[in-house]
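Examination of the molecular architecture
Now for the letters of each chain:
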Amino acid sequence: MVPKLPGAIAALTALGLWSLPGVPATLAQGSEPASSPAGSSNPEEDVFPLELRRSPLFWTAAQELAQTQLNLSYRIEQAMAGTDPNSVRAASGQTLIHLRQVERFLESQVPQPAALCAPRSASPADPNPASPLPSPFSTTEEQVYCGLWASVADLDDLLGLLSYRLGTLATVAAVKPLPLVTGEWVVGPGGIPVFERGSLREPAPALNSPVPPLTAVGSRPFDRPAKSALGDYNPPLDPAIAPLASAQPTIQRLTDRLRQLQAAVGNQSTTLALVDPRALTTSLSPPSFSLTDGERSAAADFLALPHTGLSRLLPSSAYQDSSPGVRNRLDPSAADRLPFPSLLAASASVPQITYPQPFPSPDLPLPDPSPRLLAARALVADPDPFQPRLTLQVDDQNRLNLVTADLDYGFVLPLGEVPLEALDLNRLRQTGAKETDDEVPPLPLDLPTFAFLLTYQPPQTLVELQGDRNRILTGKQEKFGLSVPLSPTVPLVLNHTYLVRSIQFEVPEVLRTGRFLTDRDRRYRQLLLEMPSRDLLLAVQPVAQQRDGSYTLRWRVLGQFPDPEVVDLGQYVD
C-alpha cells in the first residue's frame, strides 16, 4: 500500500523538486493530505520536508559570506579602476573561490534556490504569483538568502570583465607566471637562479623603465634647444588608463544589493553587523597632512594678525612617486594631491615695498596694453587667477628648501629665535639702527645682506632673469657683492624664524612647451604671452614636528615688492 503524502510535498514532487524513495511522482500528485502521525511533536514536519529546513547556523554562515562579498566588491572596484594587473589577478581568484562557497551554501539550505528566489512573471489570472516552493525562511532570512543567490550572476559577469581588464593591463605591465607559494628557483636577470615565492601583493613592474630622479640645477633656456640631464633621453609617456566603464553598472548593482544585505543583517540582531571596507579604508588611509583642530586653536591669537597662516611643511618624499608599478597619467600628480598653501588672495592688501629708484626702469619702458588685449582680457576671464604659494618643503637632510620651478627663485635667511608675532616690515627696517626694541632681539643680518634683501630688483629681460636665478641657485654670486652667499636651502631648526624672499612667475604655456603659434594664436599673441608674477617677503617658523615627518609651520607675509615684468618674451616664440 502506498502512503498518502501532504499537499505541500505533493506540489514539490509535481515540480520534480522532491520525492520519497520508492514512491512514484505520479502517485504523489493525486494524493490527499493525511493527518499527522500519532506522537508527532514537531508540526513543521508536516509542512516542510527535511531538505527544505534551513541550517541552525544559517545566520553565522550568511553573515560570513555577506562580509566576504562586501570586501570582494570593494576589491573588484579598486582593481577595475587601478593599473596593477596583479590586483586584478588576485580579485579574479578570490571571486572564483567565493562563488563556489556561495553556491555550496545556497544548495545546503534549499536544493533548488532558483525555484525559491527567481522572479516570477505575472499573468492576468494571477497578478501576484506565489512561489511554487514553500519557503522555510522568515522574511528577513529569505531576503538575505535570495540576495546572495542574485549576487552569483553579478559576480559571474565580473569574472569575465576582470579577465578582459587583465588582458588590457598586460600591454603596459609585466604579467608573468607566479612561482609556487612555498617558493621555487626561477631564472633571474642575467640567467642567475633566484629563489622566489609566488605573491600578488607587490604591483607588477611597468614595461616602461621609470624616469631617473634627476634634478636640473639651472634654468632651461627658452631661446634654443637644450639637452636634458641624460643627454637626448626623452622619458616615455605614461599610459592613460581609465576605469572600465562596462563594469560600473554591475558593480553598482552589486553594491546596492550588498547594502540591503547589510541593513537586513543589522536588523536581525545587534550582535551581527557587516563592516563596509570603504569606511574602514577611509579611517586607515595614509596621512593627509591636514591640520588638527587643536593646532588651529593653539594658534588662534597668531592667526588673528593680518596676513598670517598655519600649514603643514611636508617632506620632499611626499611629492615623489616611488611605486614600481604602472603610472597612470590620468591620476592626479603629487602637486595636485598636495598643493602648496596659498599665501594671498587676488584682492589682498599687503604692505608695499618700494625700490630706491622708479620701477620699471625708464630705459626699458613696458608697452601699454593694446585695445585688442583689453578686449581679449574681458572676453577670456581666468577662472583660476594666479596666486602665490608657500613653496617650501623639507629635504632628506632635514633642511628647509625653497622649491624653484620654471622661472621661480628666491632665498632663505635664518634669523634664529626671533618671535614671529613681533616681526613686521617696520621691525625689519630698524635693522642697523642704534636704538631697537629691548623686547625683540636684534636681527642677525649684516648691512650688505639686509640691503640686498630690500633693494634687489629682478631683471626685465629673460636672459638676465635666468642669469640671476642660476647665480642664486648655484651659489656663484660674485656679481651681488655679498660676503655670505644666499641660498634657497638652510638647516631647519624648530622654533627658529626664517626670512624668505620668494619670486614667482606663471610661465605662459606657449613658452613652457615651446610649441609654435598657429594663425589663430597670433591674433591673441599678446594675451598668450602675459606672465603674472609676485615678489613677496615673508617670515616662517616651524613650531612642531609630526610623526609622519611633516612640520607645523606658521607663516606671515611681511610685504610685497612690485610685480616683476619680463618685456621680451615675444622673442622666444614663433
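Here is what the cut-offs are and how they apply
- Residues numbered from 1 in each chain as written.
- Predicted model: local features only at pLDDT ≥ 70, side-chain atom pairs only at ≥ 80, totals over all residues.
- Heavy atoms only, no water.
- Helix = DSSP H or I, 4+ residues; strand = E, 2+ residues; numbered from the N terminus.
- Buried < 20%, exposed > 50% of the residue type's maximum accessible area, 1.4 Å probe, protein only.
- Contact = heavy atoms within 4.5 Å.
- Areas by Shrake-Rupley, 256 points an atom, 1.4 Å probe, with all protein chains shown as cover.
- Disulfide = S-S within 2.5 Å.
- Pairing = 2+ DSSP bridges.
- Core = buried A, V, L, I, M, F, W, Y, C linked by side-chain atoms within 4.5 Å.
- Phe/Tyr/Trp six-rings, centres within 6.5 Å; stacked < 30°, edge-to-face > 60°.
- Lys NZ or Arg CZ within 6 Å of the ring centre and 35° of its normal.
- Axes fitted to C-alpha atoms, helices over the stretch in contact; angles between N-to-C directions.
- Parallel < 35°, antiparallel > 145°, perpendicular 65-115°, else oblique.
- Left-handed = near helix turned anticlockwise from the far one by under 90°.
- Nonpolar A, V, L, I, M, F, W, Y, C, P; charged D, E, K, R; others polar.
- Expected span 1.5 Å × (residues − 1).
- Salt bridge = Lys/Arg side-chain N within 4 Å of Asp/Glu carboxyl O.

Right, let's get into the overall build of the protein. Tallying secondary structure elements over the protein gives 18 helices and ten strands in all. A burial count over the protein gives 39% of its 574 residues as buried. The contacts of the protein with a sequence gap of at least 6 include a subset with a gap of at least 24, amounting to 77%. Just so you have it, the protein exposes about 32,300 Å², and 55% of that area is on carbon and sulfur atoms.

For the coordinates displayed, the defined rule picks out one disulfide. There is a disulfide in this structure between Cys117 and Cys146, and the S-S distance comes to 2.1 Å. Because the torsion about its S-S bond is -75°, the bridge between Cys117 and Cys146 counts as left-handed. Taken together, the residues Cys117 in helix H5 (residues 113–117) and Cys146 in helix H6 (residues 139–169) connect sequence positions 29 residues apart. With respect to burial, Cys117 and Cys146 carry one shared label: buried.

Where burial is concerned, most of strand E9 (residues 533–545) is hidden: ten out of the 13 residues are buried. The pairing of strand E8 (residues 497–505) with E9 spans eight bridges and is classified as antiparallel. Across the sheet, the residue bridging to Leu499 is Ala539, located in E9. Relative to strand E10 (residues 551–561), E9 is paired through ten bridges, and the arrangement is antiparallel. Of the residues in E10, the one forming a bridge with Leu537 is Gly559. Hairpin connection, E9 to E10: the antiparallel pair is bridged by five residues, and Gly549 has positive phi, about 95°.

Right, let's talk about the nonpolar core for a bit. Grouped together as the largest cluster of nonpolar side chains are 45 residues, with contacts concentrated most on Ile76, Met80, Phe105, Val144, Tyr145, Leu148 and Leu158. Going through the elements one at a time, helix H3 (58–81), helix H4 (85–109), H5, H6 and helix H7 (248–268) are the ones with two or more residues in this core. In terms of residue count, H6 provides more of this core than any other element does, eleven residues in total. Non-local contacts of Phe105, meaning those with residues more than four positions away in its chain, are made with Phe58, Ala61, Ala62, Leu65, Tyr145 and Leu148.

It is worth spelling out the packing of aromatic side chains at this point. Summed over all chains, the structure comprises twelve aromatic pairs. Ring centres 5.8 Å apart and planes at 40° place the aromatic pair Phe411 and Phe452 in the tilted group. Of this pair, Phe411 sits in strand E6 (residues 409–416) while Phe452 sits in helix H14 (residues 447–455); the two residues are 41 residues apart in sequence, bridging distant segments of the chain. Of the two residues examined, Phe411 and Phe452, each falls in the buried class. Ring geometry for Phe452 versus Phe480: centroids 4.9 Å apart, planes at 45°, classification tilted. Pair noted here: Phe452 is in helix H14 and Phe480 is in the loop between helix H15 (462–474) and strand E7 (489–491), with a separation of 28 residues, a long-range link. Clustering of aromatic rings is evident, with ring pairs tying together Phe58, Trp59, Phe105, Phe137 and Tyr145. Above the face of the Phe561 ring, Arg501 is positioned so that its terminal group lies 3.6 Å from the ring centre.

The next subject is the packing of H3 against H4. Between two packed helices, what matters for the description is the angle formed by their axes and the separation of those axes. Packing of H3 against H4 brings their axes to within 10 Å, and their N-to-C directions diverge by 155°. In terms of axis orientation, H3 runs roughly antiparallel to H4. Where H3 crosses over H4, the handedness of that crossing is left-handed. Between H3 and H4, the contacting residues are Phe58, Ala61, Ala62, Leu65, Thr68, Gln69, Leu72, Arg75, Ile76 and Ala79 on the first element and Ser87, Val88, Ala90, Ala91, Gln94, Thr95, His98, Gln101, Val102, Phe105 and Gln109 on the second. Looking at side-chain class alone, the contact of H3 with H4 contains twelve nonpolar, eight polar and one charged residues.

Here we take up the pairing of strand E2 (residues 193–196). Inspection of the sheet shows strand E1 (residues 184–187) paired to E2 by four bridges, in the antiparallel sense. Bridge pairing in E2 places Val186 opposite Val194.

Further remarks concern the sheet that holds E7. What the three strands build is an open sheet, ordered E4-E5-E7; its pairing is antiparallel. If you trace the sheet from one side to the other, it starts and ends with strand E4 (392–394) and E7, each paired once. Neighbour-to-neighbour, the strand axes of the sheet open up by a mean angle of 25°, direction not taken into account.

This part covers H15. With 13 residues, H15 extends 18 Å from end C-alpha to end C-alpha; this agrees with the ideal 18 Å at 1.5 Å per step. For H15, every residue scored as buried is listed here: Leu462, Leu465, Gln466, Gly467, Asp468, Arg469, Ile472 and Leu473. Against the buried residues of H15 lie E6 and E8. One or two positions beyond H15, positive phi appears at Gly475, with a value near 85°.

Turning our eyes to something else, we now look at the environment of Ala90. Tracing the backbone through its elements, the reader meets Ala90 in helix H4. Taking relative accessible area as the criterion, Ala90 reaches 10% and is therefore assigned buried. In the structure, Ala90 is positioned 15 residues away from Arg75 in sequence and 9.0 Å away in space, judged by C-alpha atoms. Among residues more than four places away in sequence, those in contact with Ala90 are Arg75 and Leu200.

Inspection of every chain in the model, using the stated rule, returns eleven salt bridges. As a salt-bridge pair, Arg257 and Asp154 come within 2.4 Å of each other at their nearest N and O atoms. Of this pair, Arg257 sits in helix H7 while Asp154 sits in helix H6; the two residues are 103 residues apart in sequence, bridging distant segments of the chain. A salt bridge links Asp535 to Arg501, with the shortest nitrogen-to-oxygen separation between them at 2.7 Å. Of the two residues, Asp535 sits in strand E9 while Arg501 sits in strand E8, which places them 34 residues apart along the sequence. We classify Asp535 as buried; its relative accessible area is 0%. Three or more residues joined by partner-sharing salt bridges are found here, namely Asp154, Arg253 and Arg257.

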